[in-house]
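# Descriptive analysis of the structure
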Amino acid sequence: MTVAEIDRVNIFMAVRRAERPARRAALSLALPLIVFLVVAFVAPILYLLVTAVGNPETREVLPRTLEALQNWDGASTPDEPVYAALAADLKVAKDNSTAALLGKRLNYEISGMRSRVLATARMVEKLDTGPYKEKFLALNQDWGSPETWAIIKRNGGSLTPYYMLTALDLKQAPNGSVERVQGDQAIFLDVLGRTLFVAGLVTLFTLILGYPVAYVLTIAPKAIAGIMMLMVLLPLWTSLLVRTTAWVVLLQSDGIINDVLMALHLTGERVQLIFTRVGTVIAMTHIQLPFTILPIYSVMRSIPTTQLRAARSLGAPPSSAFWRIYAPQTLPGVVAGCLMTFILSLGYYITPALVGGPRDQMVSNFISTYINRDLNWGLAAGLGVVLLVVTLAIYLLFLRLVGADKIKLG
Amino acid sequence: MWLPSYATPSERIMRTLVVAFAVSVLLFLIAPLFIIVPLSFSKDPFFTLPVREYSLRWYADFFGNARWMNAIANSAVAAVMTTILATTLGTLAALGISRPDFPARRLIMALLISPMIVPIVIVAVGSYLFFGQFGLTNTRTGLVLAHTALATPFVVITVTATLSTYETNLTRAALSLGAPPSAAFFRVTLPNILPGVISGAIFAFATSFDEVVVALFMTAAEQRTLPVQMFSGIRDQINPTIMAAATLLLALSIILFAMLALLTRRRVK
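## Structural notes on empty space enclosed by the protein
Unoccupied space between atoms shows up once a probe the size of one water molecule is rolled over them. All names here are of chain A. Per the counting criterion, the structure on display carries one cavity of 30 Å³ or more. For the largest cavity, the calculated volume is near 50 Å³. Residue lining of the largest cavity: Ala167, Phe188, Val191, Leu192, Val363, Phe366, Leu383 and Val386, and that is the complete set. Mapped by element, the contributors of at least two residues to the lining of the largest cavity are helix 10 (188-219), helix 18 (363-372) and helix 19 (377-401). Residue contributions to the lining of the largest cavity peak at three residues, all from helix 10. Residues that form the lining of the largest cavity fall into these classes: eight nonpolar, no polar and no charged.

## Some thoughts on the packing of helix 10 of chain A against helix 14 (residues 277-301) of chain A
All names here are of chain A. Helix 14 packs onto helix 10 with a crossing angle of 45 degrees between their chain directions and a minimal axis gap of 6 Å. Looking at the two axes, helix 10 sits oblique to helix 14. Handedness of the helix 10/helix 14 crossing: right-handed. Of the residues contributing to the contact of helix 10 with helix 14, the split by class is 19 nonpolar, six polar and three charged.

## Quick word on the layout of surface pockets
Estimated volume of the second largest pocket: approximately 1000 Å³. For the second largest pocket, the lining is made up of 34 residues, of which Tyr215(A), Leu308(A), Phe322(A), Tyr326(A) and Arg15(B) are closest to its centre. Mapped onto the lining of the second largest pocket, the elements with two or more residues apiece are helix 10, helix 14, helix 15 (305-313) and helix 16 (318-346) of chain A together with helix 1 (9-40) of chain B. Broken down by element, the residue count for the lining of the second largest pocket peaks at 11 residues, all from helix 16 of chain A.

## Quick look at a positive patch on the surface
Taken together, the side chains of Arg16(A), Arg17(A), Arg20(A) and Arg24(A) define a basic patch exposed on the protein surface. When you line up the elements, Arg17(A) lands in helix 1 (residues 3-53).

## As for the domain arrangement of chain A
According to the domain assignment, chain A contains domain 1 (57-158) and domain 2 (188-406). The C-alpha-based centres of domain 1 of chain A and domain 2 of chain A are spaced at 52 Å.

## A look at the packing of helix 10 of chain A against helix 1 of chain B
Relative orientation of the contacting elements helix 10 of chain A and helix 1 of chain B amounts to 110 degrees, with a least axis distance of 8 Å. Viewed along their axes, helix 10 of chain A and helix 1 of chain B adopt a mutual orientation that is roughly perpendicular. Here helix 10 of chain A and helix 1 of chain B pass one another in a crossing that is left-handed. Note on element contacts: helix 1 of chain B touches helix 10 of chain A through Arg15(B), Val18(B), Val19(B), Phe21(B), Ala22(B), Val25(B), Leu26(B) and Phe28(B), opposite Ile208(A), Leu209(A), Pro212(A), Val213(A), Tyr215(A), Val216(A) and Ile219(A). For the contact of helix 10 of chain A with helix 1 of chain B, the class distribution of residues is 14 nonpolar, no polar and one charged.

## Comments concerning the interface of chain B and chain A
Taken residue by residue, the interface counts 93 residues in chain B and 88 residues in chain A. Between chain B and chain A, a total of about 8200 Å² is buried, with carbon and sulfur atoms accounting for 84% of that surface. Close ionic contact of Glu11(B) with Arg312(A) constitutes a salt bridge, the shortest N to O distance being 2.8 Å. Inspection of the region where chain B meets chain A yields six residue pairs in polar contact (both at pLDDT 80 or more). Per element, the largest residue contribution to the side of chain B that touches chain A is 19 residues, and it comes from helix 1 of chain B. Here the residues of the side of chain B that touches chain A are counted per class, giving 74 nonpolar, 12 polar and seven charged.

Cut-off values and rules
- Residues numbered from 1 in each chain as written.
- Chains lettered and ligands numbered in written order.
- Predicted model: local features only at pLDDT ≥ 70, side-chain atom pairs only at ≥ 80, totals over all residues.
- Heavy atoms only, no water.
- 1 Å grid on protein atoms, 1.4 Å probe; cavity = no way out; pocket = protein on both sides within 12 Å on 5 of 7 lines; lining within 4 Å.
- Points joined across faces, edges and corners; volume = space filled by probe spheres on them.
- Helix = DSSP H or I, 4+ residues; strand = E, 2+ residues; numbered from the N terminus.
- Nonpolar A, V, L, I, M, F, W, Y, C, P; charged D, E, K, R; others polar.
- Axes fitted to C-alpha atoms, helices over the stretch in contact; angles between N-to-C directions.
- Parallel < 35°, antiparallel > 145°, perpendicular 65-115°, else oblique.
- Left-handed = near helix turned anticlockwise from the far one by under 90°.
- Patch = residues over 30% accessible without salt bridge, like charges linked within 9 Å, V, L, I, M, F, W, Y side chains within 5 Å.
- Areas by Shrake-Rupley, 256 points an atom, 1.4 Å probe, with all protein chains shown as cover.
- Salt bridge = Lys/Arg side-chain N within 4 Å of Asp/Glu carboxyl O.
- Lys, Arg positive; Asp, Glu negative; His and termini not counted.
- Charge placed at Lys NZ, Arg CZ, Asp CG, Glu CD.
- Domains from an automatic or database assignment.
- Contact = heavy atoms within 4.5 Å.
- Buried area = accessible area lost by both parts, 1.4 Å probe.
- Polar contact = N/O pair within 3.5 Å; in protein donor to acceptor, adjacent residues only side chain to side chain.

Spelled out as structure tokens, the structure:
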């Protein structure tokens, strides 16, 4: 470096130093919110990520068994010490009532394991001395299967890929290799595909319906545009649940839409709309429309009308003036609006739950089911991670193409 | 319609079609909201129009039912607490972010906005599992904490927008004339950005008052909020009392929206 360059660097550093107190002051104002969000928002999400790979059950309930399995060759039926250790672990588990927990966890990977663990725990309670191996095998000969033991041993680790793999319709064979889940067990990729498909469809419909609205908002006289804007903003302001409730009512088989269809003789009999994909997409399109319209409108408003006039005066027919001059300039708004709607549509829960049928439930609905009904937190968290990754990937795209500071509210 | 004088006849037809299309989309947007209003005043327990006879029986049902009243009270308390917390945190953060010296603005802004982006079920399940570790599920505190996280982006956005038109020299003048920083803030800055702060507060209130999914996970029967009560009702068997509840929520939204519109108009003037 030359002396001049060194001077320049030094001056730069000095300026940075001089600015530091101001930077700190600015940051310290935002710090309470940053800390709050880290504790009340980021930490719960991180906890969800940890739950998706956490594997405490086997480690906590079968510590002796896992230790005894250290010397097991992995191919043959284990020897007496392993069964003795299992008997000791299950006795403790029976006392602490943790056997059910272990059974439930192992049941995910070996079907029938829940009842097998519980029955075995009941049996060992009555046994005082060994040898245990024969009694275990007599109760259930699968206790002799090396595959069972391989899976138990594998679950001795504090982390498991099981939930993440399941969320992607994959599974780990007893020998450790990853394979695709077959048949009716493979549901989650289908659910993810359905979620992406519905979100894409809703985005497309809001664009088709919303683009002309945004355009008319820019050309209408001010007073009329004001009223139109009100009609876009008021639904946005109304609670999502109220809007969904309205659709639940409208879509009933003996509801208003069917009454109208019948009165117009468009259908001979009442159409099933509630609890269908069609109903879900209609309701979601209605709810998301303002999110697509507003960014397009704000871009359209900034396009000078003189450009279209110039194109026309230079001899462009109306259609090419629109498609070649106007439409390309609205693209940033289209991208912003569509990405926003797509991101928000991915996370829909309420509307599919109330308007959709069993085949229209999205990833969010499955997450909720696994938490509330099946109490399978790990799988709920695994599905959550998949949904989060897809959403954040599109959010990053949004940040690159549009920017967080461009998000406006009405 | 709304065309320059040089428009061709086909352009006129096209334009009329576009306007007609846009108007029907606007009707599609607004009509479903107001369908629930007449239904809530119907004497019959069906959801068909026209209404044969009007009555207030579903409202009597609603206001006479301890469960609904309890739910309203729970929602109101949670929403007020959320509003206070989110408005304070969000306004402070917006003041910091709007300063020219704020470091890593894009990154931090992306973090502060992210509660709007992350799927609500993820927030709900994460809060349910995480707050459960500290015994905060099925408590009002847990609900308010989660709702505040969801509401702060709205406050940050509205206050930042107001600050972008605020003349910072006013604060500087106050400081240079000897006002202590707190006086400069409360007597000069805050009155000037108040419309933005109140808008943010209205957004925060509405976010909490209308939120279903987090409330579904974070509350037991005791803390059940109005939207949760509605959601469970619709899931069970939709009944006209829910229409009355929905109409009241719609009325609340319109009131909040009108307040917001008045605030923005004052700001533009």
